[in-house]
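Summary of the model geometry
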Amino acid sequence: MDGEPDLYIGGVWRHASDGGTRDIVNPARGKVAAVVDEATPEDARAAVAAARTAFDDGRWPGTPVTERAALLDRVADLLQRDKEELAALETVDTGKTLAESRIDIDDVTSVFRYYAKLIGAESDRVVDVGDPAVVSRVVREPIGVCVLIAPWNYPLLQMSWKVAPALAAGATMVAKPSEVTPLTTIAFVRLLVEAGVPPGVVNLVQGSGATLGAALTDNPAVDFISFTGGLATGRVIARTAAEHVTKVALELGGKNPHIVFADVTAGGDWDAAVDHVLTGVFLHSGQVCSAGTRLIVEESVADDFVAALVARAGKIRMGDGLDPASETGPLVSEQHRAKVESFVQLGISEGAQLVCGGRRPDEPALADGYFFLPTIFDRCERSMRIVQEETFGPILTVERFTTEDEAIALGNDTEYGLAAGVRTSDPARGERVVRALRHGTVWLNDFGYYTAAAEWGGFGRSGNGRELGPTGLAEYQELKHIWHNTAPTAAGWFKG
Ligand code: NAD
């Protein structure tokens, strides 16, 4: 950034080996905000080699757990020290509002604190093998060299969900943020260095996934790939990794249902339901893997519910995320807005009824950014592509149901399975529906929340790994069974 080297390999900050750079654009203004080094495949291979050396010589896996935990706590302190700076950088890079970016930095901090505590509390499992002479233990060991690949919508947050447990576990790593939004990850690696991460333990390369992908994933020196991003990329990575039987955890897309029963009026929950459906889909202009983009609403209240949503969607204040008056920001790039616009055309051509948005805002102040209005399609059918495919933009589709079974069937009618919401005033119904939905996170009368201590991940094609919680740490560990015979005698199997 600003002429400083941005690649961190083997404990040294470097420029790209071919001197290449990339312009990073502020999506609210459509202007270059920074220029960063663009790694070459050679740089990526050097980063993996550095991580391999740092693992094999034991400098991090051999560091006592208490020291690893203390380092994680120091990182958390530094994140809070630099919170405002990091939040502003995230906003400039992604377009999200400062309020959202601050929440992201707090989340990242809590993940470091959580894993600092968890790693300190882990113990071996003693197994009774039925022989008093044998001491049998199952111990956890760091998995080795990890490649951590993150997307652009929650750049630092998604990266930290990987780096924190990897560091806690004693693994070494190469971090590759999205080429669209690398700024906070560069700043974050500087904080890791300040906190005392030894050279080679964390390495950083940024650049195009298409260019660096093979060097990072088609590489026998890598033991684990943790990937968050789109389904198509996840498939490529899984296929490539299979060649080396490298373990892969995939956190992929979602097409998340938000089911609203007519009884939400009964307990006065109507306003909260409207509010959560609105926030669930339009926060960060819909660029959220768990966005509730599919409203599935009971027929008897559907017209009123959609009318209430349309009224509020029209009032959402769009603007530069650095402006405290802005409630939501732009789409991340011109290219991404073009993709979202093509989905709107698709919805119209499929016969969905456009009742709100569907175009760019008129305000001249927003003309240079990649803004797109909150968009609602009513009268959608489950077979439509606009209902089934992840648009990753501010687009809500509306389907209607009349029975609980139909609501569940619609909620499960997706190849994905990341997250879902259910709104009902009937606790028994709520429990039935929540249990019947095949999604990794289900919110009952709430939407969008998560915590460092609870697992996050998808069913179906939303992925095959889990982040956060104890399972998020276990992804970075191998289990080893140690059978120790304290009084060995001959087995006597062969008599000769
Ligand atoms: P993407 O798949 O285009 O890119 C993700 C990352 O993969 C980037 O760093 C990119 O450079 C890299 N990449 C691309 N091709 C690669 C290759 N061949 N080999 C290795 N790396 C490669 O995704 P995106 O557009 O950045 O992010 C949006 C997607 O991420 C959405 O589908 C969203 O749902 C998903 N996402 C999922 C979660 C989750 O928790 N499940 C969270 C956030 C985002």
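Since this is a predicted model, take the numbers as computed values, not measurements.

**Focus: the UniProt feature "active site" (unreviewed entry) in the protein**
- Mapped onto the present numbering, the UniProt feature "active site" (unreviewed entry) falls at Glu251.
- By the secondary structure assignment, Glu251 is in strand E11 (residues 247–251).
- Glu251 has contacts with Phe227, Thr228, Gly229, Trp456, Gly457, Gly458, Ser462, Gly465, Arg466 and Glu467, leaving out every residue within four places of it along the chain.

**Examining the site of the ligand**
- Around the ligand, the surrounding shell holds 27 residues, and the nearest of these are Ala150, Glu179, Thr233, Leu252 and Glu390.
- Contacts to the ligand include Gly230, whose backbone N or O atom sits 2.8 Å from an oxygen atom.
- Across the complex, the protein chains shield 87% of the 860 Å² of accessible surface that the ligand would expose by itself.
- Of the residues forming the shell around the ligand, the biggest block, three residues, is contributed by helix H8 (residues 231–242).
- Residues that form the shell around the ligand fall into these classes: 13 nonpolar, ten polar and four charged.

**Digging into the environment of Leu204**
- Following the sequence through the fold, Leu204 ends up in strand E9 (residues 202–204).
- Owing to a relative accessible area of 0%, Leu204 belongs among the buried residues under this scheme.
- A C-alpha to C-alpha distance of 16 Å links Leu204 and Trp152, two positions 52 residues apart in sequence.
- Discounting chain neighbours no more than four positions away, the residues touching Leu204 are Asp6, Leu7, Tyr8, Ile9, Trp13, Ala175, Pro177, Thr185, Ile186 and Val189.

**Examining the pairing of strand E12 (residues 257–260)**
- What you see with E12 is no split at all: Pro257 and Ile259 on one side and His258 and Val260 on the other are buried throughout.
- Pairing between E12 and strand E13 (residues 294–298): four bridges, direction parallel. Counted as the bridge partner of His258 is Leu295 from E13.
- In the sheet, E12 pairs with strand E17 (residues 419–423) via three bridges, with the strands oriented parallel. Residue pairing in the sheet places His258 in a bridge with Gly421 of E17.

**Brief notes about the side chain of Thr97**
- With respect to the element layout, Thr97 can be found in the loop between helix H3 (83–94) and helix H4 (98–121).
- With near-sequence residues (within four places) excluded, Thr97 lies in contact with Thr91, Gly321, Ser326, Glu327, Thr328 and Gly329.

**Details of the nonpolar core**
- Counting 70 residues, the largest nonpolar core has Phe112, Tyr115, Val163, Leu167 and Leu192 as its most contacted members.
- Discounting chain neighbours no more than four positions away, the residues touching Leu167 are Trp60, Arg68, Leu71, Leu72, Phe112, Met173, Leu192, Val197, Val201 and Val202.
- Core analysis: the second largest hydrophobic core is formed by 28 residues, Ile9, Ala47, Ala241 and Val248 among them.

**A closer look at the packing of helix H2 (residues 65–81) against helix H5 (residues 155–169)**
- As a packed pair, H2 and H5 sit with axes 8 Å apart at the nearest point and diverge in direction by 155°. When the interaxial angle is binned, H2 and H5 end up roughly antiparallel. Between H2, through Arg68, Leu71 and Leu72, and H5, the contact on the second element is made entirely by Ala164, Leu167, Ala168 and Ala169.
- When the residues that make up the contact of H2 with H5 are grouped by side-chain class, the tally is six nonpolar, no polar and one charged.

**So, H3**
- An ideal rise of 1.5 Å per residue puts 16 Å on twelve residues; H3 measures up with 16 Å between its terminal C-alpha atoms.
- Along H3, the residues that are buried comprise Lys83, Leu86, Ala87, Glu90, Thr91, Val92, Asp93 and Thr94.
- Immediately downstream of H3, the backbone of Gly95 shows phi near 95°, a positive value.

**Some thoughts on the sheet that holds strand E19 (residues 477–485)**
- Spatially, E5-E6-E19 is the arrangement adopted by the three strands of the open sheet, whose pairing is antiparallel. Where the open sheet ends on each side, the last strands, each with one partner, are strand E5 (125–127) and E19. Ignoring strand direction, the axes of neighbouring strands in this sheet form an average angle of 25°.
- Of the pairings in the sheet, the one linking E5 to strand E6 (residues 134–142) comprises three bridges and is antiparallel in character. Bridging across to E6, Arg125 finds its partner in Val138.

Conventions adopted
Residues numbered from 1 in each chain as written. Predicted model: local features only at pLDDT ≥ 70, side-chain atom pairs only at ≥ 80, totals over all residues. Heavy atoms only, no water. UniProt positions renumbered as here; feature names shortened; annotations may be inferred. Helix = DSSP H or I, 4+ residues; strand = E, 2+ residues; numbered from the N terminus. Contact = heavy atoms within 4.5 Å. Near = heavy atom within 4 Å. Polar contact = N/O pair within 3.5 Å; in protein donor to acceptor, adjacent residues only side chain to side chain. Areas by Shrake-Rupley, 256 points an atom, 1.4 Å probe, with all protein chains shown as cover. Nonpolar A, V, L, I, M, F, W, Y, C, P; charged D, E, K, R; others polar. Buried < 20%, exposed > 50% of the residue type's maximum accessible area, 1.4 Å probe, protein only. Pairing = 2+ DSSP bridges. Core = buried A, V, L, I, M, F, W, Y, C linked by side-chain atoms within 4.5 Å. Axes fitted to C-alpha atoms, helices over the stretch in contact; angles between N-to-C directions. Parallel < 35°, antiparallel > 145°, perpendicular 65-115°, else oblique. Expected span 1.5 Å × (residues − 1).

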